[in-house]
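Tertiary structure, described
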Amino acid sequence: MIDLYTLTQPQLDDLFASWDEPRFRARQVWEWLYDKRAASFDEMTNLPRELRQRLKAETTLGSLEIAAEQSSTDGTVKRLYRLPDGQMIESVLMPYDDDRRTACISTQAGCAMGCVFCATGQMGFARHLTPDEIFEQAMRFARDLEAEGERLSNVVLMGMGEPFHNYDATIAAVRRLMEDLGIGARHITVSTVGLVPMIRRFADEGLQVKLAISLHAATDVERSALLPVNRRYPLNELMEACRYYVEKTGRRVTFEWTAIQGQNDTPEQAHALGKLLKGLLCHVNIIPLNPTGGYAYGPSGAERVNRFVAILGEYRIPATVRVRRGIDINAGCGQLKAEVLRRQRRLKEAEPGG
Ligand code: SAH
Ligand code: SF4
């Protein structure tokens, strides 16, 4: 079976030529795929029946199989996909009050970075995703939204995995999001744990895509305890790469700060962060921790977060406190997969003789 989503437009033309179909048919199908975002061949009503039959018999629209799905009361949809080799990855769709529809997609099955509070980090690394596997996650939400008369507007590469550990596939997927799905570069965000050489490479890429850095602590001892990668790329090197990015692109950097009660929400950390970022074109996003099974701490309370933001204000550093979306459906990175695996284990244990 040929997955049509993996073909470039010239490749689709070639396939149709090999079927002795005129080129305009290939163009019609391309339109059904990416402009009309059809979810089935039956929708492609301007194609002859025989052609639709052949497409059904020999091709597919994607290769990700939905293994589990949960919808939250706030409208967030969380999906677990099974890949052809059995690996599982997560994607999340987040509708906001305005017209934004944001897909949060994965770049790896698992993650090698081992951040202590992250459900994906706790699982370890399985494999890199291909550009097609990264792209299809956004494509599938785009297609579902289209059926409801809505349009996917934003994509964040903040699901499972470290995008810059799978750099080339990530950039290839980002280019397809722009070219095939028509998502503006400024509506795409790549989030990294801080792989310094790749931040520099990304700065040189000439893309208008947004960059987010998962900072979470402003001193090396604290950051290394949360994010082991900090031992390899300490804060001074990370900040130098961020300054290079800002100089090179003229774009601001977003710093992500997962607020953990009693850990990184102290006035000391706030002052250290203020000093670290002072004068840099940036923004801080504070997101209370989503508790995970493998990490004992909880989210910071509102009072501590507010004090933290107030201290950053003293350094003129803009900060926004984000709400945790889909908290009732394990919508933190890697959490649905962890939940499904736990359930499978329980089922297995419950089996007679198991
Ligand atoms: N690997 C990349 C992108 C995926 S993680 C990165 O680390 O940036 C996306 C964001 O979710 C990161 O900022 C990460 O630190 C954060 N995150 C991971 N686990 C979390 C949790 N349990 N609660 C809140 N945020 C979490
Ligand atoms: Fe990997 Fe990001 Fe999770 Fe760290 S926070 S383990 S880099 S997915």
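Reading the values: rules and limits
- Residues numbered from 1 in each chain as written.
- Chains lettered and ligands numbered in written order.
- Predicted model: local features only at pLDDT ≥ 70, side-chain atom pairs only at ≥ 80, totals over all residues.
- Heavy atoms only, no water.
- Helix = DSSP H or I, 4+ residues; strand = E, 2+ residues; numbered from the N terminus.
- Buried < 20%, exposed > 50% of the residue type's maximum accessible area, 1.4 Å probe, protein only.
- Near = heavy atom within 4 Å.
- Polar contact = N/O pair within 3.5 Å; in protein donor to acceptor, adjacent residues only side chain to side chain.
- Areas by Shrake-Rupley, 256 points an atom, 1.4 Å probe, with all protein chains shown as cover.
- Nonpolar A, V, L, I, M, F, W, Y, C, P; charged D, E, K, R; others polar.
- Axes fitted to C-alpha atoms, helices over the stretch in contact; angles between N-to-C directions.
- Parallel < 35°, antiparallel > 145°, perpendicular 65-115°, else oblique.
- Left-handed = near helix turned anticlockwise from the far one by under 90°.
- Contact = heavy atoms within 4.5 Å.
- Pairing = 2+ DSSP bridges.
- Core = buried A, V, L, I, M, F, W, Y, C linked by side-chain atoms within 4.5 Å.
- Domains from an automatic or database assignment.

**Description of the side chain of Thr266**
Mapped onto the fold, Thr266 is located in the loop between β12 (253–259) and α11 (267–277). Given a relative accessible area of 16%, Thr266 falls into the buried group.

**So, the environment of Ala17**
Mapped onto the elements of the fold, Ala17 is located in helix α1 (residues 9–18). Judged by relative accessible area, Ala17 falls into the partly exposed class, the value being 46%. Spatially, the C-alpha atom of Ala17 lies 38 Å from that of Ala68, the residues being 51 residues apart in sequence.

**Structural notes on the site of ligand 1**
Lining the immediate environment of ligand 1, one finds 17 residues, of which Gly161, Ser191, Ser214, His216 and Asn290 sit closest. At a separation of 3.2 Å, a nitrogen atom of ligand 1 approaches a polar side-chain atom of Thr258. One of the backbone nitrogen or oxygen atoms of Asn290 is found 2.8 Å away from a nitrogen atom of ligand 1. Relative to its unbound accessible surface of 530 Å², ligand 1 loses 90% to contact with the protein. Its residues assigned to classes, the shell around ligand 1 shows six nonpolar, nine polar and two charged.

**A few points about the packing of helix α6 (residues 167–179) against helix α7 (residues 196–204)**
Across the interface, α6 lies against α7 with an axial gap of 12 Å and an inter-helix angle of 30 degrees. In terms of axis orientation, α6 runs roughly parallel to α7. For α6 against α7, the interelement crossing comes out right-handed. For the pair α6 and α7, the contacting residues are Tyr167, Asp168 and Ile171 in the first and Met198, Arg201 and Phe202 in the second. Here the contact of α6 with α7 is built from residues that sort into four nonpolar, no polar and two charged.

**Considering the sheet that holds strand β13 (residues 282–288)**
Spatial ordering of the open sheet is given by β3-β4-β5-β6-β9-β10-β11-β12-β13-β14, a layout of ten strands whose pairing is mixed. Looking at the sheet topology across the chains shown, the edges are occupied by β3 (65–71) and β14 (319–321). Strand-to-strand twist in this sheet, taken as the mean axis angle between neighbours without regard to direction, amounts to 20 degrees. As defined by bridge partners, strand β11 (residues 210–214) adjoins β12 across three bridges and the pair is classed as parallel. If you follow Ser214 over to β12, its bridge partner there is Glu256.

**A few points about the nonpolar core**
Among the nonpolar cores identified, the biggest contains 102 residues, and Leu4, Phe202 and Phe255 are the most heavily contacted of them. For this core, the domains that each give at least three residues are domain 1 (2–60) and domain 2 (65–343). Formed by five residues, the second largest nonpolar core is a distinct cluster that contains Ala68, Leu80, Met88 and Val340.

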